[in-house]
Number of protein chains: 2
Amino acid sequence: MQKITTPTLLLDEGICKANIRRMAEKAQHHNLRFKPHMKTHQSAQVGEWIKDAGVTAITVSSIDMAHYFAQNGWKDITIAFPCNVGRTQELNKLAQNITLTLLINKPETAHQLETHLTSTLNTYIEIDTGSARSGLASDDIRAIKELITVIQKTKFINWVGFYSHAGHSYSCRSEQEISEVQHSIVKQFNNLKKCINPDFGTFEICSGDTPCCSVANNFGPIDAISPGNFVFYDLMQTQIGSCTPTDIAVAMVCPVVDKYPKRNELIIHGGAVHFSKESMTKNGLTHYGAVAQKIDNHWKPLDTASHLVKLSQEHGVICCSDVIFKSYDIGDAITILPIHSCLTANLMSQYQLTDKNGTQVNMM
Amino acid sequence: MQKITTPTLLLDEGICKANIRRMAEKAQHHNLRFKPHMKTHQSAQVGEWIKDAGVTAITVSSIDMAHYFAQNGWKDITIAFPCNVGRTQELNKLAQNITLTLLINKPETAHQLETHLTSTLNTYIEIDTGSARSGLASDDIRAIKELITVIQKTKFINWVGFYSHAGHSYSCRSEQEISEVQHSIVKQFNNLKKCINPDFGTFEICSGDTPCCSVANNFGPIDAISPGNFVFYDLMQTQIGSCTPTDIAVAMVCPVVDKYPKRNELIIHGGAVHFSKESMTKNGLTHYGAVAQKIDNHWKPLDTASHLVKLSQEHGVICCSDVIFKSYDIGDAITILPIHSCLTANLMSQYQLTDKNGTQVNMM
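Here, residues in each chain are numbered from 1, in the same order as that chain's written sequence. Chain labels run from A onward and ligand labels from 1 onward, assigned in the order the entries are written. Where local features are concerned, this predicted model is filtered to residues with pLDDT of at least 70; where side-chain atom pairs are given and counted, the filter is 80 or more; whole-chain, interface and lining totals use all residues. The side-chain numbers reported here are obtained from all heavy atoms of the structure, hydrogens and water having been left aside.

A closer look at the relation of the copies chain B and chain A
Each copy of the chain is related to the other by a rotation around an axis and a translation along that axis.
Now for step 1: If you rotate chain B by 180 degrees and push it 0.0 Å along the axis, it lands on chain A with an RMSD of 0.0 Å. Both chain copies can therefore be described as sitting about a two-fold axis. Judged by C-alpha distance, lysine 277 of chain B is the residue of chain B that lies nearest the rotation axis, at 2.7 Å.
Now for step 2: By the convention used here, residues are in contact when the closest approach between their heavy atoms is within 4.5 Å. Comparing contact sets, 100% of the residues at the interface of chain B also lie at the interface in chain A, consistent with an isologous, same-surface contact. A residue counts toward the fit only if its pLDDT is at least 70 in both copies, and the copies are then superposed by least squares on the C-alpha atoms of those residues.

Quick word on the pairing of strand 17 (residues 307-311) of chain B
All names here are of chain B.
Now for step 1: Bridging between strand 17 and strand 18 (residues 315-319) involves four bridges; their strand directions are antiparallel. Note on strand 18: the bridge partner recorded for leucine 308 is isoleucine 318.
Now for step 2: Linking strand 17 back to strand 18 in an antiparallel pair, the connection comprises three residues. Here, any two strands with at least 2 DSSP bridges between them count as paired. Here a helix means four or more residues in a row that DSSP labels H or I, a strand means two or more in a row labelled E, and each is numbered from the N terminus.

A look at the side chain of glutamate 204 of chain B
Now for step 1: Following the sequence through the fold, glutamate 204 of chain B ends up in strand 9 (residues 204-207).
Now for step 2: Think of a polar contact as two N or O atoms within 3.5 Å of one another; within protein, one of them needs to be a possible hydrogen donor and the other a possible acceptor, and neighboring residues in sequence only count if both atoms come from side chains. Looking at glutamate 204 of chain B, its side chain comes within polar contact range of the side chain of tyrosine 124 of chain B, at 2.5 Å.

A word on the interface of chain B and chain A
Much of the literature gives interface size as the accessible area that the parts lose upon coming together.
Now for step 1: Between chain B and chain A, the residue contacts involve 52 residues of the former and 52 residues of the latter.
Now for step 2: Regarding the contact of chain B and chain A, the summed buried area is about 4200 Å², with carbon and sulfur atoms giving 53% of it.
Now for step 3: When the buried area of chain B at its contact with chain A is split by residue, Phe81, Arg133 and Gln313 of chain B rank highest and sum to 16% of it.
Now for step 4: For this document, the term salt bridge refers to a Lys or Arg side-chain nitrogen within 4 Å of an Asp or Glu carboxyl oxygen. Applying the counting criterion to the chain B and chain A interface returns six salt bridges.
Now for step 5: Here glutamate 278 of chain B and lysine 277 of chain A are joined by a salt bridge, their closest N and O atoms 3.1 Å apart.
Now for step 6: Run the count over chain B and chain A and you get 30 residue pairs in polar contact (both at pLDDT 80 or more). Once two parts are brought into contact, the accessible area they lose, counted with a 1.4 Å probe and summed over both, makes up the buried area.

Details of helix 12 (residues 341-348) of chain B
Now for step 1: In this scheme, a residue with accessible area under 20% of its type's maximum is buried, one over 50% is exposed, and one in between is partly exposed, where area comes from a 1.4 Å probe on protein chains only. Counting buried positions along helix 12 of chain B yields seven of eight residues, so the element is predominantly enclosed.
Now for step 2: Where helix 12 of chain B terminates, the next one or two residues include serine 349 of chain B, which has phi positive at roughly 60 degrees.

Observations concerning the pairing of strand 4 (residues 76-82) of chain A
Residues and elements named next belong to chain A.
Now for step 1: Burial runs high along strand 4: seven of the seven residues are buried.
Now for step 2: Inspection of the sheet shows strand 3 (residues 58-60) paired to strand 4 by three bridges, in the parallel sense. Bridging across to strand 4, valine 60 finds its partner in isoleucine 79.
Now for step 3: Here a crossover is taken to be right-handed if, once the strands point away from the viewer, the path from the first strand over the helix to the second is traced clockwise. The parallel pair strand 3 and strand 4, bridged by helix 3 (residues 63-71), forms a crossover whose chirality is right-handed.
Now for step 4: Between strand 4 and its parallel partner strand 5 (residues 99-103), the chain crosses via helix 4 (residues 88-97), and the hand of that crossover is right-handed.

A few points about the packing of helix 1 (residues 13-29) of chain B against helix 2 (residues 44-52) of chain B
Angle between the axes and distance between the axes are the two parameters that describe a pair of packed helices.
Residues and elements named next belong to chain B.
Now for step 1: Here, axes are lines fitted to C-alpha atoms. For helices the fit covers the stretch in contact, and angles between N-to-C directions go from 0 to 180 degrees. Relative orientation of the contacting elements helix 1 and helix 2 amounts to 45 degrees, with a least axis distance of 9 Å. By the angle between their directions, the pair helix 1 and helix 2 is classed as oblique. In this structure, helix 1 meets helix 2 at a crossing whose hand is right-handed. Contacts between helix 1 and helix 2 pair Glu13, Cys16, Lys17 and Ile20 from the former with Val46, Trp49 and Ile50 from the latter.
Now for step 2: Residues belonging to the contact of helix 1 with helix 2 are distributed by class as follows: five nonpolar, no polar and two charged. Roughly parallel covers angles under 35 degrees, roughly antiparallel covers those over 145, roughly perpendicular covers 65 to 115, and oblique covers all other angles. By convention, the crossing between two helices is left-handed when the near helix turns anticlockwise from the far helix through less than a right angle, and right-handed when the turn is clockwise. In this count, Pro and Cys sit with the nonpolar residues alongside Ala, Val, Leu, Ile, Met, Phe, Trp and Tyr, while Asp, Glu, Lys and Arg are called charged and the others, Gly among them, polar.

A few points about the domain arrangement of chain A
Residues and elements named next belong to chain A.
Now for step 1: Residue ranges assigned to the domains are those given by an automatic or database domain assignment. We note that the domain assignment places domain 1 (14-232) and domain 2 (244-362) within chain A.
Now for step 2: Taken over C-alpha atoms, the centre of domain 1 sits 33 Å from the centre of domain 2.
Now for step 3: Counting residues at the interface gives 16 residues for domain 1, matched by 14 residues for domain 2.
Now for step 4: Across the interface of domain 1 and domain 2, roughly 1000 Å² is buried in total on both sides, 56% from carbon and sulfur atoms.
Now for step 5: Among the residues of domain 1 in contact with domain 2, Ile15, Thr40 and Phe232 are the three that bury the most area, contributing 47% of the side total.
Now for step 6: The closest approach of N and O atoms between arginine 22 and aspartate 247, which form a salt bridge, is 3.7 Å.
Now for step 7: Our count for the contact surface shared by domain 1 and domain 2 stands at six residue pairs in polar contact (both at pLDDT 80 or more).
Now for step 8: When contributions to the side of domain 1 that touches domain 2 are tallied by element, the ones reaching two or more residues are helix 1 (13-29) and helix 2 (44-52).
Now for step 9: Split into classes, the residues belonging to the side of domain 1 that touches domain 2 amount to seven nonpolar, seven polar and two charged.

What follows is the structure, encoded as structure tokens:
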């Protein structure tokens, strides 16, 4: 691989494929449809690795992302985001060519959408299982039934079930806490399922967050999962309890441009426009990334006190252990594990594989 | 202007040009060279407005940005970032065509750079006036003199003076506090100037941070200023005390996709990949943006309790006053002032002008 002289996001194909394979096998083992979320990697190439694991249906978070993956051969796409009624023309175009599934959470959304539809599409109703972001409360049976009824009266929208993103699992700090969130989701969907009259027809329950999908072993009435971050994982997921540091498939490599011995600080080209300003706090220290050891073209997470402690637009400040400080000179490149791989990948917009050619992989 | 159905960054040309004019006039009044930083807007078009204010020399934060503005006709560019010795080929190319100025903070950087240079370029030495990011301490006279001597012995590098970015002014919370930071910078540069033997030749002092440049009225020995954020300002700058809310020249407009009356919360398409995760805390509330009132194609900052309180990758959650909540329906667009315009602009990568055509302005 050529010397790295500019902030670069490395992608370890081996770790990434292992993450995909493990989740695909888990889905199969629990008899779950696997509809992975593509928002973390946003890459047709990583999509191919997912296809190789036998996946045929995917999840995305925007209409633009749906277009991109449709153009790259995906035929069954769920946009896991409250339907944007201002962009029905684009939804019509998509629905002509693929099996398109949306989220509809309000009767007025169904009404507004129906007025402009020319193609048939599917919708889940989003259930708020505790994240307090979007979706109907799982025990608001009256509103849920009313919404199913409104949707089933439309000509172009098929109701296919329920969707939930348990974002509150991100505040967990152990496998035990994640299992408790999953237990609560399973309980809520069990209750909901009992309340929905068979007259409404068969339906699917899809639930997707990386912590629960990584850790849980009881999926109860859940039929499908759509985690996204698991393809790469990151430091935040290690803190939550979803993975170990060796599961992290991406790392930033940045050139050292200056160093300050009195403060044991290295200055890198690598700032908020590369890492994002997502931070995490552990043992009282708030930081934006942790230094890893580079081994050949790969890396090994380090168990030392060397962190990216300050970010401006293009500068990063790494506060180091003595050993790390001494082992880097101006002009060297240093490897840093990201806090939130979704946001770092989105900013970097391409990957460099850790193969010997340093192959470039594009994003949308 | 067409209805906005996707996250859009509006740019008010009138406010922006007034911000540029005001800073240009202030520089002229204080007999300062005005070398504005282009990192906030990253746009050739905004660059033209700056050119119209009589500016001939600019500042950037990366080699890529220097290339972009050189391609757009700028002939005098300072890269205000510790010199990246791994990219000397690109520096040579740039220095062939424009007056290029770098920051060199270490003798080894000068040595490494000199080995690969084929074109003459200028350098400032960066002085750390209190931000504890990069640069030599202003009272480390021995190291400063040694570095000047090293640089002056090279064939291709001209030493032209000192540069400082007083990033610590960002922790100020009033004009008074900003003036105190400026007072300290002026004092440090007065002392430094006394210590530098006239044998080293004439030199320039350039200092550039938006809070000090906006508020200060005593520039002492400073010869040039290079603020950047002032072209747009943002909520963070209002909190620091650099500007008033009516000086903010950019605003995000995002479609409302869902609403929750019990929580007085609107859900928008507009998340961390649009706003960035930069937050601010005021009166105990941490938020990612404040709702503004849209008037025709412009906006007026609001004095109410309506803020963007939660961000995921594509979702934003706005916690509203009753009045704001009731005045927005699903499908409407809502206007939000950003916390940190540099990071929001970098993510959005284009502007829509508030003129009646909604003209698109590109970034690099």
